[in-house]
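Chains, contacts and geometry: an overview
As a plain string of letters, each chain reads:
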Number of protein chains: 2
Amino acid sequence: MAEPTRPMRRQEIRRENEKTILVAAEKVFAEAGFGGATMQLIADLAGLPKANLHYYFATKEELYRSVVQNIFEIWLQAANCFDAARGPIDGISAYIDAKMEISRRHPDGSKVWASEVMHGAPVLQDYMESTLREWTDGRVEIIRRWIEEAKMDPVDPRHLLYMLWATTQHYADFGHQIETLNGGKPLSDRQWREAKENIKRVILTGIGALPA
Amino acid sequence: MAEPTRPMRRQEIRRENEKTILVAAEKVFAEAGFGGATMQLIADLAGLPKANLHYYFATKEELYRSVVQNIFEIWLQAANCFDAARGPIDGISAYIDAKMEISRRHPDGSKVWASEVMHGAPVLQDYMESTLREWTDGRVEIIRRWIEEAKMDPVDPRHLLYMLWATTQHYADFGHQIETLNGGKPLSDRQWREAKENIKRVILTGIGALPA
DNA sequence: TTACAGCTTGACCGTATGGTCAGCTTTTAA
DNA sequence: TTAAAAGCTGACCATACGGTCAAGCTGTAA
């Protein structure tokens, strides 16, 4: 755009094209599902010939796997909020904020992830049985400690985690439904803030971390 | 099975075949998504020739629409729990029970519904803009009254509803993830009961309907 | 018994899709 | 300057899919 056809570095070309393709793919996979997505659709959205996609990603499955792994990384990063926290108020608040931000900024990625899990996690089974399980076990331990230290009521840590996942993820996966019920308009900044505050208040109060 | 080829009534034939096809279709759509599902797969699972499916359901879209409408009916029925209730404890408890029962008994239907909404509700848009909106507005009004009557804290009714939907639906849509984290085994009767109780306690306490 | 309507199905068709490839252009490094 | 490596792409292919249809079968009602 700026410079008239400055020669691109190999590295740049690769990085840029892979990025372009991944962004397009994420959107198409989110909108149509794996089965409904076509390489042609992704290529059109990326503004590249279909054969070019196959140069960077040998198969549709490989491209899909890349998209799913990408969002999984983001998802795991949000996990860190949990660690440094001194108690449930800090930790869970930060986690809800982080997950809601993901739902807002990466709704397509969230949908792809949800779709993947819903269909039995054909490509992510390994991750789920290793990384995800470890992560979950770690947080369960943290929550258990909070309960021992009387920082919250004795709530089953796993079901609490599911509740956090479900509630935050819902704003991405069911965003269309929420939008429809919101008069066809996306949630405003204010509404997102209210959503976060409601979730935090109900859950933190519900587990006895905040005074009722 | 019982009688050796007793001649079937026309009505019976139709009802039975439609039922068989719908059951098979629900499963295949849930597992593969609309795009990934094939009429052949559904036919095989139903134990009928593919051409026979097209006799009862002209197109894949029509079959899909029937499946989605079916689950939507069930979904709406659970709504009634809300109505007769005298307060949030009764109403929300019953609703959580009903929705969790749906997640347990109709996980495939739940997934199809989730998938449909995630992909922008191409066939259900009308329902969402009429039936679902009316239903939602009605419950919002009920919750608002409960708040006025000081039966619960002033929580935003919409975000509370989303929380109920999300949390209960999660056990169907992300059932595979939950199962994986449960050591590869489905939740037991006891675990389902614990799930329900945890959700109820956290939410009802969180909205100030139960004493902390 | 018969004639008709509804049900069944193997064979078939057009199309769209994932994937391939040969030949071209551009970058790179010596 | 040059030759190899990397990137690009139009044309092509085999397959699988949704859908059709004509011919046969079966329940129904007179």
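The rules we used
- Residues numbered from 1 in each chain as written.
- Chains lettered and ligands numbered in written order.
- Predicted model: local features only at pLDDT ≥ 70, side-chain atom pairs only at ≥ 80, totals over all residues.
- Heavy atoms only, no water.
- Helix = DSSP H or I, 4+ residues; strand = E, 2+ residues; numbered from the N terminus.
- Buried < 20%, exposed > 50% of the residue type's maximum accessible area, 1.4 Å probe, protein only.
- Contact = heavy atoms within 4.5 Å.
- Areas by Shrake-Rupley, 256 points an atom, 1.4 Å probe, with all protein chains shown as cover.
- Lys, Arg positive; Asp, Glu negative; His and termini not counted.
- Charge placed at Lys NZ, Arg CZ, Asp CG, Glu CD.
- Buried area = accessible area lost by both parts, 1.4 Å probe.
- Salt bridge = Lys/Arg side-chain N within 4 Å of Asp/Glu carboxyl O.
- Core = buried A, V, L, I, M, F, W, Y, C linked by side-chain atoms within 4.5 Å.
- Near = heavy atom within 4 Å.
- Polar contact = N/O pair within 3.5 Å; in protein donor to acceptor, adjacent residues only side chain to side chain.
- Nonpolar A, V, L, I, M, F, W, Y, C, P; charged D, E, K, R; others polar.
- Domains from an automatic or database assignment.
- Least-squares fit on C-alpha atoms with pLDDT ≥ 70 in both.
- Axes fitted to C-alpha atoms, helices over the stretch in contact; angles between N-to-C directions.
- Parallel < 35°, antiparallel > 145°, perpendicular 65-115°, else oblique.
- Left-handed = near helix turned anticlockwise from the far one by under 90°.

1. Some details on the overall build of chain A
The helix and strand inventory of chain A stands at 11 helices and zero strands. Its C-alpha atoms put chain A at 60 × 40 × 35 Å along the principal axes. The burial tally for chain A puts 50% of its 212 residues in the buried class. For chain A, contacts bridging at least 24 residues in sequence account for 68% of all contacts bridging at least 6. Counting every atom, chain A has about 10200 Å² of accessible surface; 49% of that belongs to carbon and sulfur. The average position of the 27 basic charges and that of the 30 acidic charges among the side chains of chain A differ by 4 Å.

2. Concerning the interface of chain A and chain B
Contact residues are listed per partner, giving 55 residues for chain A and 55 residues for chain B. Among the residues chain A hides against chain B, the three largest losses belong to Met118(A), His159(A) and Leu181(A). Together they make up 16% of the total. Here chain A and chain B share zero salt bridges between them. Within the residue set of the side of chain A that touches chain B, elements represented by two or more residues are α1 (10-36), α7 (107-118), α8 (125-148), α9 (157-173), α10 (175-181) and α11 (189-206) of chain A.

3. So, the pattern of salt bridges
Tallied over the full model, the rule gives 22 salt bridges over all chains. Glu101(B) is paired through a salt bridge with Arg105(B); the nearest N and O atoms lie 3.1 Å apart. Here Glu101(B) and its partner Arg105(B) are both found in helix α6 (residues 88-105), four residues apart, which amounts to about one turn of the helix. We classify Glu101(B) as partly exposed; its relative accessible area is 30%. Of the charged contacts in the structure, one is a salt bridge between Asp189(B) and Arg104(B), with a shortest N-O distance of 2.5 Å. One end of the pair, Asp189(B), is in helix α11 (residues 189-206); the other, Arg104(B), is in helix α6, with 85 residues separating them in the sequence. A residue is classified by how much of its surface remains accessible, and Asp189(B), at 51% relative accessible area, is exposed. Taking relative accessible area as the criterion, Arg104(B) reaches 24% and is therefore assigned partly exposed. Each of the salt bridges in this network shares a partner with another, and the network as a whole consists of Glu101(A), Arg105(A) and Lys196(A).

4. Brief notes about the environment of Glu62(A)
Residue placement: Glu62(A) occurs in helix α4 (residues 60-77). Beyond its immediate stretch of four places on either side in the chain, Glu62(A) contacts Tyr56(A) and Phe57(A).

5. Here we look at the nonpolar core
Core analysis: the biggest nonpolar cluster contains 136 residues, and Ile92(B) and Ile207(B) have the highest contact counts within it. Discounting chain neighbours no more than four positions away, the residues touching Ile92(B) are Phe82(B), Trp146(B), Leu160(B), Leu164(B), Ile203(B), Leu204(B) and Ile207(B).

6. Some details on the protein's contact with DNA strand C
For DNA strand C, the set of nearby residues contains 22 residues, the closest of which are Lys50(A), Lys60(A), Ala51(B), Tyr55(B) and Tyr56(B). For DNA strand C, the backbone makes up 61% of the atoms found within 4 Å of the protein, where backbone means sugar plus phosphate. The contact in question runs from a phosphate oxygen of DNA strand C to an N or O atom on the backbone of Ala37(A), over 3.1 Å. Taking Asn17(B), its side chain carries an N or O atom lying 3.1 Å from a phosphate oxygen of DNA strand C. Going through the elements one at a time, α3 (50-56) and α4 of chain A together with α1 (10-36) and α3 (50-56) of chain B are the ones with two or more residues in the surface near DNA strand C. Here the residues of the surface near DNA strand C are counted per class, giving 10 nonpolar, five polar and seven charged.

7. Let's talk about the domain arrangement of chain A
Residues and elements named next belong to chain A. Along its sequence, chain A is carved into domain 1 (10-58) and domain 2 (69-206). A C-alpha centroid distance of 28 Å is found between domain 1 and domain 2. Every contact between the two is made by five residues of domain 1 and, on the other side, five residues of domain 2. Interface of domain 1 and domain 2: buried area, both sides summed, is about 450 Å²; carbon and sulfur atoms make up 62% of it. On inspection of domain 1 and its partner domain 2, the count reaches zero salt bridges. Seen at the junction of domain 1 and domain 2, the total is zero residue pairs in polar contact (both at pLDDT 80 or more).

8. Some remarks on the relation of the copies chain A and chain B
Both copies of the chain are tied together by a single rotation about an axis and a shift running along it. Under the fitted operation, chain A is carried onto chain B by 0.0 Å of movement along the axis and a turn of 180°, and the coordinates agree to an RMSD of 0.1 Å. Interpreted geometrically, this transformation is the action of a two-fold axis. For chain A, the minimum C-alpha distance to the rotation axis belongs to Gly206(A) and amounts to 1.8 Å. Same-surface contact between copies: 100% of interface residues of chain A are shared with the interface of chain B.

9. Quick word on the packing of helix α4 (residues 60-77) of chain B against helix α8 (residues 125-148) of chain B
All names here are of chain B. Direction vectors running N to C along α4 and α8 enclose 10°, while the axes themselves pass 12 Å from each other. Our classification of the angle between α4 and α8 gives roughly parallel. As α4 runs across α8, the sense of the crossing is left-handed. The residues of α8 that touch α4, namely those facing Gln69, Phe72, Trp75 and Leu76, are Tyr127, Thr131, Leu132 and Trp135. Here the residues of the contact of α4 with α8 are counted per class, giving six nonpolar, two polar and no charged.

10. Thoughts on the protein's contact with DNA strand D
DNA strand D sits among 22 residues. The nearest are Ala51(A), Tyr55(A), Tyr56(A), Lys50(B) and Lys60(B). Asn52(A) places a side-chain nitrogen or oxygen 3.2 Å from a phosphate oxygen of DNA strand D. Here a phosphate oxygen of DNA strand D and a backbone polar atom of Ala37(B) are 3.2 Å apart.

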